[in-house]
Every structure is written in structure tokens, then in C-alpha cells.
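Next come the chains, spelled out residue by residue.
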Amino acid sequence: MVTLSGNLLYASFFLYLVATVLFAGSIKDKKGKSAEKGPNKWAKLALITTIVGFASQLGYFITRWIAAGHAPVSNLFEFTTFFGMSLVGAFIVIYFIYKTPMLGLFTLPVAILMIAYASMFPREITPLIPALQSDWLHIHVTTAAVGQAILAISFAAGLIYLIKAIDQSKSSKKTFWLEAIMFGLVCTLGFVIVSSTFSAMDYKAEFNWIDKTGTEAKLEYHMPALVGPHKGELLTAEKFEPIVEVPAIINAKKLNTVIWSIASGIILYLLLRLILRKRIGAALQPIVKNINLDLVDEIGYRSVLIGFPIFTLGALIFAMIWAQIAWTRFWGWDPKEVWALITFLFYAAFLHLRLSKGWHGEKSAWLAVIGFVIMMFNLVAVNLVLAGLHSYAGS
Amino acid sequence: MKKKRLMIRAVILLLLGAAVAYTLYANFTKDDVQKAVVGEKAPDFVLEDMNGKKHRLSDYEGQGVLLNFWGTWCKPCEKEMPYLNNQYKQFKDKGVTILAVNVAESELAIQKFADRHNLEFPILKDTDSQVMTAYKIGPLPATYMIDKEGKIVKYHTGQLTEDMIKDLMEQVKP
Amino acid sequence: MKDVKCECGHVNPHGTILCEACGRILEEHEREKQLVDMRYEGSARRSQTYNKTIVDKIWNFFSSVKVGVWLIVITLIASALGTIFPQEMYIPPVMPAEVYYEDQYGWLGKLYYELGFHNLYSSWWYLLLVASIGISLVICSLDRVIPLYRALKAQRVTRHEGFLKRQRLFGISAAENLEESYEKVKEKLREKRYHIREEDGNILAEKGRFSRWGPYVNHIGLIIFLIGGMLRFVPGMYVDEVMWIREGETKVIPETDGEYYLKNDQFILEVYDKNKDKEVFSEAIENSGMVAKNFQSDVTLYKKKGDSIAGEKPELEKVKDDEIRVNEPLRFENFALYQSTYKLNELNKMTFALTNKQTNEEFGMLTVDLNDPKEKYDLGNGYSVEVVSYFPDFEFDESGEPVTKSRIPNNPAFVFKMLTPDKPEGEVSFVAIRQTIEPFGDNTYKMAFKGIDTKNVSGLTVRKDLTLWIISLGGLIFMIGVAQGSYWNHRRIWIRKVNDEVWVAGHTNKNWHGLKREISIILENTGINEPEDQVQNENKESGGS
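Quick caveat, the model's predicted, so the values are computed rather than measured.

Looking now at the overall build of chain B. When helices and strands are counted, chain B shows five helices and seven strands. Rg of the C-alpha trace for chain B: 21 Å, well past the compact-globule value of 16 Å for 174 residues, more than 25% over. Seen through its C-alpha atoms, chain B measures out along the principal axes to roughly 80 × 35 × 30 Å. Here chain B holds 174 residues, and 36% of them are scored as buried. Put simply, of all contacts in chain B between residues at least 6 apart along the chain, 75% involve residues at least 24 apart.

This is the structure in C-alpha cells:
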């Protein structure tokens, strides 16, 4: 059952890749009917592939649920994979409303990156600690993830909008920030490549080090240690010796991973720039040139409108009900709770700005991008860096 | 019309302002919410002393009472014990007594402590913390001054000096 | 400050931009725009028009959405700041907060503490921010919902040409076979569940108006939620206590006015077992070493019978036996008891043997109950042991004297006096864990340590929260309002005969794509042209941005 489940996930990953290529083809295809008259053959094929991929991932989800006896949303790998799946699901729904293949071309890579990122974390099925043993686990987590996924669609729409709308003929603040988003995505790809390479090589280097309380501890790196732990002493033979050493308060291993991701991101990004000979945003601009900006703006706004109530229900209301049962109080200012509140406040501000201040179009697109950054921060940094009560989700 | 609008606005703002002010006030006083409140009747209790004699607080009506909660491990409690003992001797014929409630320690620990300090006032054993819970005692030592009507007139946490004790006991002298 | 009378005869409040009834533009500068601003139906937002007294000024400040958004953004940033380092309530109680932050996070931690960010969410300024949002919610809503209600109620079927022309969706068709077309259109409008009003051969089709109230409904929900949060501070509404209770112990439950007692029968800690639990978990269990499976306190709840005062041995009546687990609190009246923490293996009893140091001969055993030691233990045959001093949580103080840190037997130490036939005066020995001191020289006898008995202690949270239902109600109303405003659209289609032409205009508060599709279906084969999207046309003309 577990093997079957794993294979289904691989299959869906592969299918999403294929679908992305097909969506790209549907946009390049000039011979078909014009964009106004609905999707062409390529797009139809791409959609079918996406749906098959989604079904396959749903199969992964169900089989894993059966194998574990609880909903597979209990650790970072499971949650992030589910997030990716919800993103694809949300895209399929939105596609049926607006019929824009372009959205697929931007949403699916985000989902693919997310699933790939998830796979870098421990993938074994973990038993539930007492606090998680409740039906609210799947009610709360899945609703929150679906809400976030729908909100993330507005990020994809926002990205399309910005790529088309921003003037690439000269360098400006806007082109810089657009490139920054691209760079962020490239870094995630870098992290995935680097960690899967080293894990394929089975790289392990053990260190003895002194932690902040002054006691000696052991630490195992799975990437060559550019940054070594405090008073670290390499135990494994013939492995890379750290270049610098950090004080004990800093988590050297996590910092090392971050440095690797950014470094590989820079290399990849520079490589891309070298090949394309222009900004990534500029390179993507021709692809989106036929898209109707107003429609993209509406898709973005619509997904916020659909996603916001679901997010509130899952990440705040259900969260509070469960917290009252498991942690004795419905609200305790745990970092994850606070960041859910921040996400809520952010999208509330988004809606007010749009409704009352008339922030449409480009401003709205930037906000959608920032909203996504906040959600990703909540997913990645809050679990891995700020670790509070939700920290079990981080290992 | 204009007047009316101004009135409505003023009333709404006032209500909102009052609610906010109350919340802020309550938030900053929430830590010292007391079960036994100054100005009200002290919650009654009955406890045994070291000789097995029962003391009921309401039986002391007509006298002033210094009610002290303490533990043997608590340094400030230990420091104020000799002062309490001295003042007890001064005041016991003037209608003010001392009841020292030990919070849930073993009889042996209390006895050794009492012997060491030659304590003469009744030491009450709150073995299962009932009285401590009823008074919602936080940090030790905690001292309540109770007048002849059984009303709490003063509450103090932290160590007392001999002068303070004398002054407190004067206040509840019948 | 006079009311404005429109050509159509309707009397509008001062400051109205579009006549509530016919939509004619009343504000001069609005006429220059290609499209009218439909956000609040062009109604008079009072706050914008009266600004004389201080009350009006405060009112207008909070009535501004701009101010509201700023408040949200500031709260958002402040909330984020509070997550940089853990809040005071989450730091381990090993040292005081002022030391902890500097010790753990260096000068940044010190700064964090000094700025008061270690307790950010209960700081006066954070509360004030949240309160301001609350005030802004009330005033913003009041200021908009009333004019909006008026405008939507007063709207007439026949709208002014200037109004129709300046709608985002607008089109003109030649009027032929109007009767027939109208019938078809009305038929289709009805199919699409539009509410149709007619007047002089003009049509107003409207649906989903109630979605316009969504924002105000959700604001009411939020206000109720905040009131619930506020009531928490009212004494008696909210109880948050921790109750430590040993196995075998019966204790009064705090805050129940001595009415309820709890006995801890047993505390259970279970961990996952690789061999017994599901096989799929074995890898995870191996990787993380130990994974907790269950924390449980088996308890008995008692209610006091009759009147008794504190300190008296109460007469207890059993209410129920229960197992308190994480996620499964014990509930009674308005209270809930939660399994929140525990302490394993607290020392309970210690056993010693009076032993001759040379021969190792034993002269009897004694077991000391660490929570209630006796003064003297008689071992028979003329042997006995006196406890001269007892320190349940022993340490040496600055002057080298043995003292106890608390009443909990974490590190018990004794001064024993061993009385034996050959040493009738007794020998004194100081005995602590792994430590024996003989203050008066070399003894013949010793207290040999034989064993310990331990007990587990359950840490239960006692919770009463009478505000929960208000907070839940607020949450429910909020969700209803948000769904109402997000998942329904307020759509209107105006069809008006102007001379020989048919004018069609459409408006929706959101989801224009959906409205356009709907209009295209409605007008299909009716001879009336689909209205154009004037915003899109404008964009196309200006080159896309």
C-alpha cells in the first residue's frame, strides 16, 4: 500500500510536468483557433493530463490515508504535497470557469515545485502524537490548505498580469521585484536539485559540536558543510571541511541549507540570464502577450474571493475550535496562529483596498504576490525557524 | 437633524471609548484578582493546629486577626516569624491574635520549624490546600488583616518588618 | 446643508453623487468621467459632508477605509514582530525573562525584551490597535450601510441616460420588434432567477442584492467576536488555572468554590512501540527514537455534599470516573479539565536500613513517606531512628547551611539520629541522595539506602470560559457574512427605450465575466445587441496597461 501510494505520487508529478509542456504548446500553437474562441486541442489534452495527474495524486492521498490510519497531513512533507494537490485542484475548477490555458502554464510549475520541495523532507509515515489524535486534524488542515491553494491561484494570475503589464524596455523598481520573484522560484528549484543530488549520493558528514548551553552534541549534515557548527569537529572521513564556523545560537545546519539553496539559485539564475540574454520576466513576456489583462485581474480577484472564506474557516475558525479542545484555549499567539492571522489581515486589507480604494490591476497583482509570499513564509519559515506548538510539522 | 446626528455620534463614540477603557483597565489589573477582597468578609475556614485543636475563623469574631500564609522553605516567611512571635505576645491580651496557616507541608517539617523558632501562636495545617485555594494564595508570605467583624481590612504579600506588624495589629484592635 | 432635489423629483441627502432614484449625476465633476463610480451607489457618505465639531472629526477619522486599512497593516506588522522570538508565555521557566532573552538571543534579545515585545499581544498599544480596528469596524459600517440601503431602496426602474451611458457594460441597439424581444428577454431573465421590475416599457432586472449586505454582516460578526474577547476580562467569565495532582491524591478543584474535588487514580504515559503498533510507523519510530502515543489521567470527580467550610473534611459524593486525555477533556458544569502536563516519577517514599558500617549487619528497615515523614521510627530490640531535620528539596544556602527550596520532595535530605543499645546517646548522620555527612566524627552505624518508591503527577488545566458562545456566535456570523459577500453577486441589468433605440446597461459588484456571459445568453436571438465592456475597450485603446 505504501509503495503504491508513493508510485501514484511519482506518476502525478510526472503528469503535471507533461501537462505544463502541453499548456505551453497550447499557447505557442498559432494555427489553432484564436484565443478568443476557447481552448485548442493542445489545451484540451493538457487539461486531461492535469486531471489524470490530479486523480493519481488523489489516489496517493487516499492510499496513504488507509495505510497510516490517519489523514496524510500530519507533517511537512504530507502537508506541502497536499497543498500542491489543492493548488492543482483549484486550478482545474478555475479553468472550467475561465478557460485560460495560460493559468495552467503558471500554476502547474508552482505546484510541481511545491511537491518537489515537499519531497526533500522525511517521507516516512509518522504516528500521531497525542495532540494530533483528533478528527479535527484532517478537517482543519485540509480546509486551511484548500483555502491557501485557492489564494495561491491569485498569485499565478498576478504573476501573469505583471509579466505582461510591466514595461521591460527599461530597468526599473518593478522589473527588479519581478525578477526577485523569479529568483525566489529559481532558488526553490536550486534547493530541490541540490538536496536530491546529495541525497542520491548519500552524503553524510557527522560533526561533534558545542551547543549554546555548552554541552557537546552530534550533528549530521546531508550537504557539504560550507558553514560548520560552533566548535565543530568533522568526524566522518574524507568529507568537506567547513569554511566558516558560526556561533552556537545560529542553527548551522539550516543556515548551510539556505546558503546552498541561494548559491545554487544564483548559479541557475545567471545561467538562465546567460542563455536568454534578458530578464526572465522579459523572456516570458512574449508568451503572455495575447492574454486579456482584465480577465487575468478578474481571475486573481475571484480566487481571492473564493479562497478567503475557506481560508478563514479552515485556518482560523476550525483551528480555534480544535485549539480549544487540544490546547485548552482557542487562541494562544503561537507563531503559526499569528501568521494565519497575518494572512487573514493581509487579504482583508487586499479586499478593502480593492473595494474601497479601487486598487485594481497592477496594484492588485502585486498584492496577490505579497500574499503568496506571506503564505509561503508561514509554510516554510514558521515551521522550520520559528517553531512553536506546530513544530512537529517541521521535522 | 444636525443636533440629533451629533448626539448619536457622541453617544456611540462614548460607548466604544468606555468599552476600550474598561478592557485596558481590566487587562492590567487581571493579575491581582483576589478571591478574598479587602473590604469584604474573609472566607471562613476551620483548620487544626499542631496540637489537634480546631480553629474556626468565624469563632474569632470580636477579635482582630492577623492571618498569615507561610511555608518553611520560604525565606521571607522565616525572617518575619520572630517578629510575628514578638507581636503576638504583645497583642494577645489586647484582643488581636495571629493565625499562621502553613500551606500543605508535612507535620514534621512544620514542627521542627516551630520548635526552632519557638513559635507560640497557633500554627494551622492546611494539609490538602483547601484554604489556600479558597483564598487563591499566590506568592508567600501572604498576610490578611481581619477586623472584629470578620472583614478584611488589609492585604499584604512579601516580608513584613516588626514595625509594620505592630502597626497592622493596631489597626484591627477592637 | 440642504437636501438636493433631483429633476426626477426625488429628494437626496446633501452630498449625494448619483440620484438615489434615477441615477442622474448630481455632482458636477462626476460628469466629466467616462464611467460613474458605483462603489456605494453614489450615495452621500455622511462622514464626508459634516466636519465641524471634534466629535465629527473623530467620527470621520474612524469612518475612513484608508484609516481602517492602515490599522490592519500596522496590526499585521506588529503581530509579525511578536513572532521573531518566543513570547514570554512560551519560554521555559528556567530563568526570569529579563535574563532569558539576552542569554538566548544576545543583544537583539535584550532589545526585544526592553521594547516589551516579549509580551506584545497583551501590551496596551496592541490592545489599543485591535480596539481601534473594532471602532473602525463599527463606524465604517454604520456610515456606509445606511446610505447604501437608502440608495438601493429608492432606485427606480427608469434610469437617467447619463447614468446608463456611464455604466461599464453599455450598448445601444436599434429598436425593432420590441414587444417580441422584451418577452424573450424577460423569459430568459426569469430563467436566470432575476427579479424583474417594469416601468413605462423599461426594465430593471436585479438579483443577489443581499450579497451587498455581506460585508456588513461579517463586520457585525467581528464586532461580536471582539466583544466576546473583551468580556474575558470581566471577573468570573474566564478561568485559567493549573492543578498539579499526585497519583492517589484528592484535591479541591480551584475556582469551583470548594464544590468539586478530583482524585487522581493513575497517570499513564504511552509511547509508540515498533513491534506492537502499525508496521508502517516503524521507520519513523526508529528515526525519532520515542514518539508519545498517549497522555492520560484516570480520575474520579467528586462533588461536595452539604455545606462545609474550607479546611473541614468534606463529605464527597462521586460524580463520575473519567479518563482525561489530550483532545478529550473532562467536562462538568461550565468547567473543563485538560491533560496539559505531567511529571513522572516524583519521589514518594524512601527506604533505609540501619546498618553497622563494619559488619554490614542490618538492624531493621524504615520507610519514610516523603510527603509526611514521622518523627521517630522504632525498629525494635532497642534500635530506633529519629528524624532531626527534613529537607524535601535540599540545597546548601550561601552560608553553607542545609535548606529546602520548596515543599516538593525533589531532592530529599535528612538529619537522622540513630539510637542503638551500644550508642544510647545516638549518632547523628546527614543523609542526602548520594551523600552522607557525619558531622560529629566517625559513626559506627549508617543509614543504608535501600530503595525508592515514586509517583507520577498530573498537571491539569482548569478552564472555564463563559465567553465561548459569544465568540462562536461572532465567528458564525462572520462566516455567514463573508460567504454571503463572496459567493453571491449583486447583478443589475437595465433596459431602457430611448427614442428609437434600446439602451442596455449592466452592473455587478464583482465577477464581470460571469455577468457578461449571462447577458450574452439572455440577449441571444432577441435582436438586442450585447453591451460592450467599456473598461476593456478603454484598455485596448490605451495599449494594454
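What follows concerns the interface of chain C and chain A. Taken together, the 55 residues of chain C in the interface contact 49 residues of chain A. Counting residues per element, the side of chain C that touches chain A draws most heavily on helix α2 (residues 65-81) of chain C, at ten residues.

No other pair of the two pairs of chains in contact has as many contacts as chains A and C. Between chain A and chain B there is no contact, and the shortest C-alpha to C-alpha distance separating them is 16 Å.

Right, let's talk about the sheet that holds strand β7 (residues 250-252) of chain C for a bit. Residues and elements named next belong to chain C. The strand order across the open sheet formed by four strands is β7-β8-β9-β10, and the pairing between neighbours is antiparallel. Whereas interior strands pair on both sides, the edge strands pair on one side only; in this sheet they are β7 and β10 (315-325). Pairwise comparison of adjacent strand axes, ignoring direction, gives a mean angle of 30 degrees for this sheet. Bridge count for strand β8 (residues 260-271) against strand β9 (residues 292-305) is eleven bridges, and the pairing is antiparallel. Note that in β9 the partner of Asn264 across the bridge is Val299.

Moving on, we get to the UniProt feature "domain: ResB-like" (unreviewed entry) in chain C. Summarizing the sequence annotation, UniProt attributes the feature "domain: ResB-like" (unreviewed entry) to residues 65-519 of chain C in the numbering used throughout. Counting secondary structure, residues 65-519 of chain C comes out at 30% helix and 39% strand; the distance between its end C-alpha atoms is 33 Å.

Moving on, we get to the environment of C:Ile196. Residues and elements named next belong to chain C. Residue placement: Ile196 occurs in strand β4 (residues 195-199). In this structure Ile196 comes out as partly exposed when scored by C-beta crowding, with 16 C-beta atoms within 10 Å. Along the sequence, Ile196 and Lys320 sit 124 residues apart, while their C-alpha atoms lie 63 Å from each other. Setting aside residues up to four positions removed in sequence, Ile196 forms contacts with Lys186, Leu189, Arg190, Ile203 and Ala205.

Our next topic: the pairing of strand β19 (residues 423-432) of chain C. Residues and elements named next belong to chain C. Pairing analysis gives seven bridges linking strand β18 (residues 413-420) to β19, with the strands arranged antiparallel. Paired with Val415 across the two strands is Phe430, which belongs to β19. Linking β18 back to β19 in an antiparallel pair, the connection comprises two residues. Across three bridges, β19 lies against strand β20 (residues 435-437) in antiparallel orientation. In the strand pairing of β20, Val431 is matched with Thr436.

On to the domain arrangement of chain C. Taken domain by domain, chain C holds domain 1 (45-153), domain 2 (169-208 + 489-541), domain 3 (238-344 + 459-475) and domain 4 (346-454). Computed over C-alpha atoms only, the centres of domain 1 of chain C and domain 4 of chain C are separated by 60 Å.

What follows concerns the UniProt feature "transmembrane region" (unreviewed entry) in chain C. All names here are of chain C. Feature annotation in UniProt assigns "transmembrane region" (unreviewed entry) to the following positions: residues 67-85, 124-146, 216-234 and 466-488. Segment residues 67-85 splits into 79% helix and 0% strand. End C-alpha atoms: 29 Å apart. In residues 216-234, the share of helix is 84% and the share of strand is 0%. The end C-alpha atoms are 28 Å apart.

Here the focus is the pairing of strand β21 (residues 445-465) of chain C. Residues and elements named next belong to chain C. Both strand β6 (residues 238-246) and β21 contribute to a ladder of nine bridges, which runs antiparallel. Considered in β21, the bridge of Asp240 is made with Arg463. Alignment of strand β12 (residues 335-356) against β21, held across 18 bridges, turns out to be antiparallel. The residue bridging Lys343 from the neighbouring strand is Val457, located in β21.

We now examine the domain arrangement of chain B. You can read the domains of chain B as domain 1 (2-31) and domain 2 (34-171). Taking only C-alpha atoms, the centre of domain 1 of chain B and the centre of domain 2 of chain B are 43 Å apart.

Further remarks concern the sheet that holds β4(C). Residues and elements named next belong to chain C. Taken in spatial order, the six strands of this open sheet run β4-β5-β22-β23-β3-β24, and their pairing is antiparallel. Every interior strand has two partners, whereas the edge strands, β4 and β24 (532-533), have only one. Bridge count between strand β3 (residues 169-174) and strand β23 (residues 501-508): six bridges; the pairing is antiparallel. Bridging across to β23, Ala174 finds its partner in Glu501. The sheet contacts of helix α6 (residues 178-191) involve β4, β5 (202-207), β22 (491-498) and β23, and relative to β4 the element is tilted by about 155 degrees.

The next thing to look at is the interface of chain C and chain B. Chain C puts 36 residues into the contact, and the matching count from chain B is 35 residues. For the side of chain C that touches chain B, the elements supplying multiple residues, two or more each, are α1 (54-63), α4 (124-154), β7 and β15 (383-391) of chain C.

Okay, α6(C) next. An α-helical segment advances 3.6 residues per turn. Residues three or four places apart therefore align on the same side. For α6(C), with 14 residues, the first-to-last C-alpha span of 20 Å sits near the 20 Å given by 1.5 Å per residue. Once α6(C) ends, the next one or two residues include C:Arg193, with phi positive near 60 degrees.

Bringing the nonpolar core into the picture now. In this structure, A:Leu87 and A:Ile160 are the most contacted members of the largest nonpolar core, which totals 141 residues. When residues of this core are assigned to their parent elements, the largest contribution, 19 residues, is made by helix α9 (residues 293-326) of chain A. Apart from residues lying up to four places away in sequence, A:Leu87 is in contact with A:Thr107, A:Val110, A:Ala111, A:Met114, A:Ala149 and A:Ala152. Listed in part, the 61 residues of the second largest apolar core include B:Phe69, B:Ile146, C:Leu419 and C:Val431.

All names here are of chain C. Summarising the element assignment, Thr158 is placed in the loop between α4 and α5 (161-165). Along the chain, Thr158 and Gly23 lie 135 residues apart, while their C-alpha atoms are 9.0 Å from each other. Apart from residues no more than four positions distant in its own chain, Thr158 is found in contact with Cys22, Glu199, Asp200, Asn202 and Arg496.

Let us now look at the environment of C:Val242. Residues and elements named next belong to chain C. When you line up the elements, Val242 lands in strand β6. With 13 C-beta atoms counted inside 10 Å, the residue Val242 sits in the partly exposed group. Linking Val242 and Leu460, residues 218 residues apart in sequence, is a C-alpha distance of 5.6 Å. Excluding anything up to four places from it in sequence, Val242 contacts Gly459 and Thr461.

It is worth spelling out the packing of α9(A) against helix α9 (residues 468-487) of chain C at this point. It is the contact of α9(A) with α9(C), at a shortest axis distance of 9 Å, that shows an interaxial angle of 165 degrees. Here α9(C) runs roughly antiparallel to α9(A), going by the angle between their axes. Crossing of α9(A) against α9(C): the hand is left-handed. In this structure, α9(A) uses A:Leu305, A:Ile306, A:Phe308, A:Pro309, A:Thr312, A:Leu313 and A:Ile317 to contact α9(C), whose residues at the interface are C:Gly475, C:Met479, C:Val482, C:Ala483 and C:Ser486. Partitioned by chemical class, the residues of the contact of α9(A) with α9(C) number nine nonpolar, three polar and no charged.

For residues that are not glycine, phi is negative in most cases, and the peptide bond is trans in most cases. With an omega dihedral of -10 degrees, the bond running from B:Leu140 to B:Pro141 counts as a cis peptide bond. Among the secondary structure elements, B:Pro141 is positioned in the loop between α4 (130-135) and β6 (142-146). We note that C:Glu41 has phi near 60 degrees; this positive angle belongs to a residue other than glycine. With respect to the helices and strands, the residue C:Glu41 is situated in the loop between β2 (11-12) and α1. Its 22 C-beta neighbours within 10 Å are what place C:Glu41 among the buried residues. Backbone geometry at C:Asn525 places phi at a positive 60 degrees, although glycine is not the residue there. Among the structural elements, C:Asn525 can be located in the loop between α10 (512-523) and β24. Its 8 C-beta neighbours within 10 Å are what place C:Asn525 among the exposed residues.

Residues and elements named next belong to chain A. Look at helix α1 (residues 2-28) against helix α4 (residues 101-118): their axes get within 9 Å of each other, and the N-to-C directions meet at 155 degrees. It follows that α1 is roughly antiparallel to α4 by the angle criterion. Once α1 is placed against α4, the crossing between them reads as left-handed. Contact with α1, carried on its side by Phe13, Tyr16, Leu17, Ala19, Thr20, Phe23, Ala24, Ser26 and Ile27, involves Pro101, Met102, Gly104, Leu105, Leu108, Pro109, Ala111, Ile112 and Ile115 of α4 and no other residues of that element. Taken together, the residues of the contact of α1 with α4 sort by class into 15 nonpolar, three polar and no charged.

Parameters and conventions
- Residues numbered from 1 in each chain as written.
- Chains lettered and ligands numbered in written order.
- Predicted model: local features only at pLDDT ≥ 70, side-chain atom pairs only at ≥ 80, totals over all residues.
- Helix = DSSP H or I, 4+ residues; strand = E, 2+ residues; numbered from the N terminus.
- Rg over C-alpha atoms; globule rule 2.2 N^0.38 Å.
- Buried ≥ 20, exposed ≤ 12 C-beta atoms within 10 Å, placed from the backbone.
- Contact = placed C-beta atoms within 7 Å.
- Pairing = 2+ DSSP bridges.
- Axes fitted to C-alpha atoms, helices over the stretch in contact; angles between N-to-C directions.
- UniProt positions renumbered as here; feature names shortened; annotations may be inferred.
- Domains from an automatic or database assignment.
- Expected span 1.5 Å × (residues − 1).
- Core = buried A, V, L, I, M, F, W, Y, C linked by C-beta atoms within 7 Å.
- Parallel < 35°, antiparallel > 145°, perpendicular 65-115°, else oblique.
- Left-handed = near helix turned anticlockwise from the far one by under 90°.
- Nonpolar A, V, L, I, M, F, W, Y, C, P; charged D, E, K, R; others polar.

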